[in-house]
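Here's the letter readout for the chains.
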Amino acid sequence: MTEHPITQRSKWNSRLGFILAAAGSAVGLGNIWKFPYITGENGGGLFVLIYLVCIVLVGLPIMVAEIMIGRAAQKQPVGAFEALQGHKTSWTAIGWMGVLAGFIILSFYAVVAGWAMDFTLKSVVDFTSTIEESTDREAAQFVAKATPSELRSMLIDDAVSHDVRDFAKAQQRSLLQSTWDEYQAHKEFLATYRKEWDKFLSLTPVEDQRALLTQGRFEQQKLLNEIDVDALRTEVQKEIADLSDEEVLARLKLELDSSQRLLSDPKIAAAVAAGEAVEAKIAERKSELQEKWKAHFAAVPLSELEEQARTIKRRELIFNATQSAFLATATDGWTAMFWTLIFMGITTLIVGSGIASGIERTCQILMPLLLVLIVGMVVYGMFQPGFKSAFNFVFYPDPSKLKPSGVLEALGHAFFTLSLGMGAMLTYGSYQDSKSGLIGEALAITFLDTLIALLACLMIFPIAFSYGQEPSAGPGLVFMSMPLAFAEIGRGGMLLAIGFFGLLFFAALTSAVSLLEVVTSYLIDQKGWHRHSAAWSMGAAITLFAIPSAFALDENFVMSGWETGFKMNFFDTMDYLASNWLLPLGGLFIALYAGWGMPRRLQVAEVQDLAPGLFWGWLFLVRIVAPILVIIVLLQKVRILDIDMLLAGRFNCHEILF
Ligand code: PFF
């Protein structure tokens, strides 16, 4: 059984050690940062339910497949397939893709982990209390200066915008995403156009016409390609200045004509009409609410008005302060890079120290600590007023709140959160030589990962709800909404903040270690390098590659050419490439290899302790179900399929393809 190559291969000390390390890989920013915010964006309960189904139908079988391949091959991903097939094989491409994905993911993962480190330190110096004190003062000053009618209108606005939010979202969801996008894309343009048309009719001096043409042309060009706005303005100004007065008039007419043509495109016109109808409904509801709240606040005594206004103003000020605290970190490339460097240093130190004495030992300490911290935070949340609504939000499935494409997001996330598709589990599996307990291990890892993702929601949403935060705050949920809540909590918020950001950092660290291990083990297994030199050189290379991600939000370091080409910044491009393409593709091929390509003899040896029913169940999932589901996700990504449209019963090839 133990046919080790010439040198003794590193091994885990115990099965529990392996499970904790693998769970450490799975539990990371994906669970605590990403899962809660995508759950929030996708309306909660039903999304969670679908995510659980994806984990069982796709995640678990591929997890078994990865560990199985690693255990059987005793090699990391690049060498594993050749070792199993006994000859050179194109399945090896999976391994290369895995190494590439590990390199890319770690480069931006380290940046986010760096933010978590920065916030942990900020929490130690109690930044949320400082925010609380200063905003308390400012809010009191504001209320003292404002007139009663100003206070009233502020409270009315706040109540209306709060109440109309869900209604507005539901209204928007009643349209197809593509219709809404089309409407949004033309909305601004049409509004300007209509205004400009009216203006044109009333214009006589040719100078005004010239100015109008310049502005119109500028807006149009800006809409087409958002490049350097200042340069564009100068260019357009010069272009128009060269024209004669008659030409200006003729061009102006032409421009406005072409705008009119745009309006008469039936598809655009329909989208605009649908979008405007939705906006009208929202406006109507808004004015009803306005009346309702106006009547309500008219009856509220002044002292109470002041009290409520102070709370709202304070929250608004805290929101601005926490937002700028986060932006100060994220948009300052040097700070981000500083923390990225430290984070990469710690990660590399652990990987360089070896499998049992580095990775296993770290995870054996950090994973239980993480569990204790998260349970502690959830218990705190249970005593908060928002716990009940948070619980319902996470566990009560409401079909009206989920778009079909949310299902695909759930499936895509299953790969990321379980560290599947790039050979991380395969590599960890290769340091094990047991031939039993495969399913139990995969179940334990998956269970821990899912448990922590759900606990993360039950930790974040009660706090967010209790302090008036929206669940759909997006990626800023963790770095902006949570500090806001901590600041509102006042004293005691500091401890929660340390616990929360410390937890985020630990979770990120045990995942980063596995990402670096995939890349490092390539040099060790395939090139015969020593662990130390392999880890440090790969760690250094990835840190260098992280620079553009760390600086992606820094205005002084704009890779504007990059943004124009890819329509997103460097950081987002890397995330998109790895999470949306490399992992699902890797997962697909791993499933296909384990199901169809792997020699049956090796496969059977790995699952000899398994009941035949379970084995066939697994084989069915990995051969058929998982590949089909992943292919659907990929087709949606290349836009050959639009699941929202398909399920809305409006399947129309022409509309989808053009
Ligand atoms: N599973 C990690 C998370 O949820 O944050 C991310 C990750 C780690 C993805 C390791 C892939 C990987 F190989």
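All of these numbers come straight from a predicted model, not from anything done at the bench. (Residues numbered from 1 in each chain as written. Predicted model: local features only at pLDDT ≥ 70, side-chain atom pairs only at ≥ 80, totals over all residues. Heavy atoms only, no water.)

> Got a minute to help me understand the packing of helix α14 (residues 333–352) against helix α22 (residues 531–550) in this structure?
A pair of packed helices is captured by two measures, namely the crossing angle of their axes and the spacing between those axes. Orientation of α14 relative to α22, taken along the N-to-C sense of each, is 160°, at an axis distance of 9 Å. By the criterion of interaxial angle, the relationship of α14 to α22 is roughly antiparallel. The two elements α14 and α22 meet at a crossing, and its hand is right-handed. Mapping the contact onto sequence places G333, A336, M337, T340, L341, M344, G345, T348, L349, V351 and G352 in α14 and R531, H532, A535, W536, G539, I542, T543, A546, I547 and A550 in α22. (Axes fitted to C-alpha atoms, helices over the stretch in contact; angles between N-to-C directions. Helix = DSSP H or I, 4+ residues; strand = E, 2+ residues; numbered from the N terminus. Parallel < 35°, antiparallel > 145°, perpendicular 65-115°, else oblique. Left-handed = near helix turned anticlockwise from the far one by under 90°. Contact = heavy atoms within 4.5 Å.)

> Looking at this structure, I do not really get the packing of aromatic side chains. What am I missing?
Per the stated rule, a full pass over the model turns up 38 aromatic pairs. For the pair F35 and Y51, a centre-to-centre distance of 4.4 Å together with 35° between the ring planes defines the contact as tilted. Taken together, the residues F35 in helix α2 (residues 29–41) and Y51 in helix α3 (residues 45–73) connect sequence positions 16 residues apart. You'll find F35 and Y51 in the same group, each marked buried. Summarising the aromatic geometry, the rings of W91 and Y593 are spaced 5.0 Å apart at their centres and angled 70° between planes, so their arrangement reads as edge-to-face. A residue pair is termed long-range when its members are at least 10 positions apart, and W91 in the loop between α4 (77–85) and α5 (92–124) and Y593 in helix α24 (residues 570–597) qualify at 502 residues. Owing to a relative accessible area of 25%, W91 belongs among the partly exposed residues under this scheme. Members of the aromatic cluster, joined through ring pairs, are F108, W115, F119, F127, F326, F479, F486, F500, F501 and F571. (Phe/Tyr/Trp six-rings, centres within 6.5 Å; stacked < 30°, edge-to-face > 60°. Buried < 20%, exposed > 50% of the residue type's maximum accessible area, 1.4 Å probe, protein only.)

> Hey, could you run me through the site of the ligand in this one?
Residues in close proximity to the ligand total 15 residues, the closest being A26, G30, Y109, F416 and M422. One nitrogen or oxygen atom from the main chain of A26 is found 3.0 Å from a nitrogen atom belonging to the ligand. Taking F416, its main chain carries an N or O atom lying 2.8 Å from a nitrogen atom of the ligand. Protein contact buries 100% of the 340 Å² of open area that the ligand shows by itself. (Near = heavy atom within 4 Å. Polar contact = N/O pair within 3.5 Å; in protein donor to acceptor, adjacent residues only side chain to side chain. Areas by Shrake-Rupley, 256 points an atom, 1.4 Å probe, with all protein chains shown as cover.)

> Help me understand the nonpolar core, please; the structure alone is not making it clear to me.
One recurring pattern in soluble globular proteins is that nonpolar side chains are buried together. By size, the foremost hydrophobic cluster in this structure holds 169 residues, and its most contacted members are I69, M459, F479, F486 and F500. Apart from residues no more than four positions distant in its own chain, M459 is found in contact with I32, I374, M377, V378, M482, F500 and L503. L155, F167, A168 and V300 belong to the second-largest nonpolar core, a separate cluster that totals 23 residues. (Core = buried A, V, L, I, M, F, W, Y, C linked by side-chain atoms within 4.5 Å.)

> How do you make sense of the state of the cysteines when you look at a structure like this?
By the definition in use, this model includes zero disulfides. Between C54, a free cysteine, and C457, which holds the nearest cysteine sulfur, the sulfur-to-sulfur gap is 15 Å. Using a relative accessible area of 9% as the deciding quantity, one classes C54 as buried. (Disulfide = S-S within 2.5 Å.)

> Can you help me understand the environment of I524 in this one?
Following the sequence through the fold, I524 ends up in helix α21 (residues 493–527). What I524 contacts, discounting residues up to four positions off in sequence, is W529, R531 and A534.

> So what exactly am I meant to see when it comes to the domain arrangement of the protein chain here?
Often, the extent of an interface is quoted as the loss of accessible area upon association of its parts. Domain boundaries in the protein chain define domain 1 (15–130 + 333–657) and domain 2 (147–304). Put simply, the middle of domain 1 and the middle of domain 2, counted by C-alpha atoms, are 40 Å apart. (Domains from an automatic or database assignment.)

> When you look at the pattern of salt bridges in this model, what are you seeing that I'm missing?
Opposite charge on two side chains allows them to pair when their charged atoms are near. Counted by the stated rule, this structure contains 18 salt bridges. For E606, the salt bridge identified is with R71, shortest N-O distance 2.8 Å. Highlighted residues: E606 in helix α25 (residues 600–606) and R71 in helix α3, separated in sequence by 535 residues. The same class applies to E606 as to R71, namely buried. The partner of D136 in a salt bridge is R314, with the nearest N and O atoms 2.7 Å apart. Of this pair, D136 sits in helix α6 (residues 127–145) while R314 sits in helix α13 (residues 302–330), placing them 178 residues apart in sequence. Look at R314 and you get buried, because its relative accessible area is 12%. One salt-bridge network, in which partners are shared between bridges, spans E132, D136, E307, R310, R314, R315 and E488. (Salt bridge = Lys/Arg side-chain N within 4 Å of Asp/Glu carboxyl O.)

> What am I meant to see in a nonpolar patch on the surface here?
Together, V375, V379, M382 and F383 make up an exposed nonpolar region whose accessible area comes to about 400 Å². Position of V375 among the secondary structure elements: in helix α15 (residues 355–382). (Patch = residues over 30% accessible without salt bridge, like charges linked within 9 Å, V, L, I, M, F, W, Y side chains within 5 Å.)

> Would you mind going over the side chain of T92 with me for this structure?
Mapped onto the secondary structure, T92 falls in helix α5. With a relative accessible area of 11%, T92 lands in the buried category. Leaving out residues up to four positions away in the same chain, T92 has contacts with V78, F81 and E82.

> Which parts of the structure should I look at to understand unusual backbone geometry?
It is generally the case that most residues other than glycine have a negative phi and that most peptide bonds are trans. The phi torsion at Q74 lies on the positive side, around 55°, for a residue other than glycine. Following the sequence through the fold, Q74 ends up in the loop between α3 and α4. Assessed through its relative accessible area of 14%, Q74 is described here as buried.

> What is the right way to look at the confidence of the model for the protein chain in this model?
Regions with low pLDDT carry predicted coordinates that are not meant to be interpreted in detail. On average, residues of the protein chain carry a pLDDT of 87, and 90% of them reach 70 or more. No element of the protein chain has a lower mean pLDDT than helix α28 (residues 653–657), at 35, and none a higher one than helix α18 (residues 424–429), at 98. The model gives residues 1–6 a pLDDT under 50, and that stretch makes six contacts with residues more than four places away or in other chains. Scored below 50 in pLDDT, residues 650–658 shows eleven contacts in the model against residues more than four places distant or in partner chains. (pLDDT = per-residue confidence, 0-100.)

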